[in-house]
Amino acid sequence: MVLPSMTDSTNGASSNLPVRTSELFNAPDADVVFHSSDNVQFRLHKKNLECTTGAFPPAETPTSPDEIVQLIESASTLEIMFQFIYPRPTPDLCKMDFQPLMLLAEAAEKYAVFALISSCRYSLKSFLNAYPVQILKFAARHDYNEIVEELAPILLDIPLSELPDSLPSHIYKQWSIYRERWMMALVHAVRAPQHKCGQWSNILPDILSSISSVNLSQLRSLRYVDLIFEEYETPYARHPHSNRLPKCCFRDLHEWKAKIMNEVAAIPPFMLP
């Protein structure tokens, strides 16, 4: 029973470690033994593997009594994973650091440990803002569509040229359309009203500079365009020229801001078919 494996963080360090047996998984009536990359053995029951996973051979598969199955994951990864194949309380994955959690999630997918897959998927969401690119690659590879959809607005500022190797073509297409809509909203945002009032020229350069600072590397900032206009659009605003603006300028400022905000609000959320 030899299974394809991914690389765990402890690989290459196992040859000098003594062989030991897991304290949690040392069943005297075990009918299968797994050996981790760092020389820890897990004595398990094939029936539990058959009932809770999709990548191990059926329990009826004949094996030699002394057969040991070599896995390349570390003992720390396997010990958590195997707790999800028995009817027992499972570890709280929300307390895990990101890199161990990613190794566990990869192992869960490879060995199709169904309960663990769901737990990893939930726990990864707490790291979306901290490790968005790594999670995007994983989520796209394993069809975690809901996570990909949550990552789209977070990764809106990532250039498309950095995404083709991470995303399959159907996701890349939708991602391109989504980002194009935001780029067009930015193009339209810097089109100021054709206002002829003399006071308008005192504030227009500053507003355009503030909006333009959003630029193509900060598209998400368009969501907060109301804060840009807040400095100018009331008589008590912070901009030095605000108190001298006539009503016509305030009217056009408000309409300009509303137009930008409406266009941003009209951008559909990123959705996969």
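An account of the accompanying structure is given in this report. (Residues numbered from 1 in each chain as written. Predicted model: local features only at pLDDT ≥ 70, side-chain atom pairs only at ≥ 80, totals over all residues. Heavy atoms only, no water.)

Some thoughts on the packing of helix 3 (residues 98-111) against helix 4 (residues 114-124)
Put simply, the rule reads: Only the contacting stretch of a helix is used when fitting its axis, a line to C-alpha atoms as for every element, and angles between N-to-C directions run 0 to 180 degrees. Only DSSP runs of H or I covering at least 4 residues are called helices, and only runs of E covering at least 2 are called strands; the numbering of each starts at the N terminus. Crossing chirality is assigned from the near helix's rotation relative to the far helix, an anticlockwise turn below a right angle marking it left-handed and a clockwise turn marking it right-handed. It only takes one pair of heavy atoms within 4.5 Å for two residues to be counted as in contact. Each residue gets one label: Ala, Val, Leu, Ile, Met, Phe, Trp, Tyr, Cys and Pro are nonpolar, Asp, Glu, Lys and Arg are charged, and the others, such as Gly, are polar.
Between helix 3 and helix 4, the shortest axis-to-axis distance is 9 Å and the interhelical angle comes to 145 degrees. When the axes of helix 3 and helix 4 are compared, the crossing they make is left-handed. Every residue of helix 4 that contacts helix 3 at Phe98, Leu101, Met102, Leu104, Ala105, Ala108 and Glu109 is listed here: Leu116, Ile117, Cys120, Ser123 and Leu124. Tallied by class, the residues present in the contact of helix 3 with helix 4 amount to 10 nonpolar, 1 polar and 1 charged.

Quick word on the sheet that holds strand 3 (residues 40-44)
Keep this limit in mind: In short, DSSP must find at least two bridges between two strands for them to pair.
Strands sit in the order 1-3-2-4 across an open sheet of 4 strands; the sheet is mixed. With partners counted over all chains shown, the strands left at the sheet margins are strand 1 (20-26) and strand 4 (68-70), one partner each. Strand-to-strand, the axes of this sheet are offset by a mean angle of 30 degrees, without reference to chain direction. Judged from the 4 bridges that link them, strand 2 (residues 32-35) and strand 3 form a sheet pairing that is antiparallel. Within the sheet, the bridge partner assigned to Phe34 lies in strand 3 and is Phe42. Where helix 2 (residues 75-82) meets the sheet, it contacts strand 1, strand 2 and strand 3, and its direction lies at approximately 15 degrees from that of strand 3.

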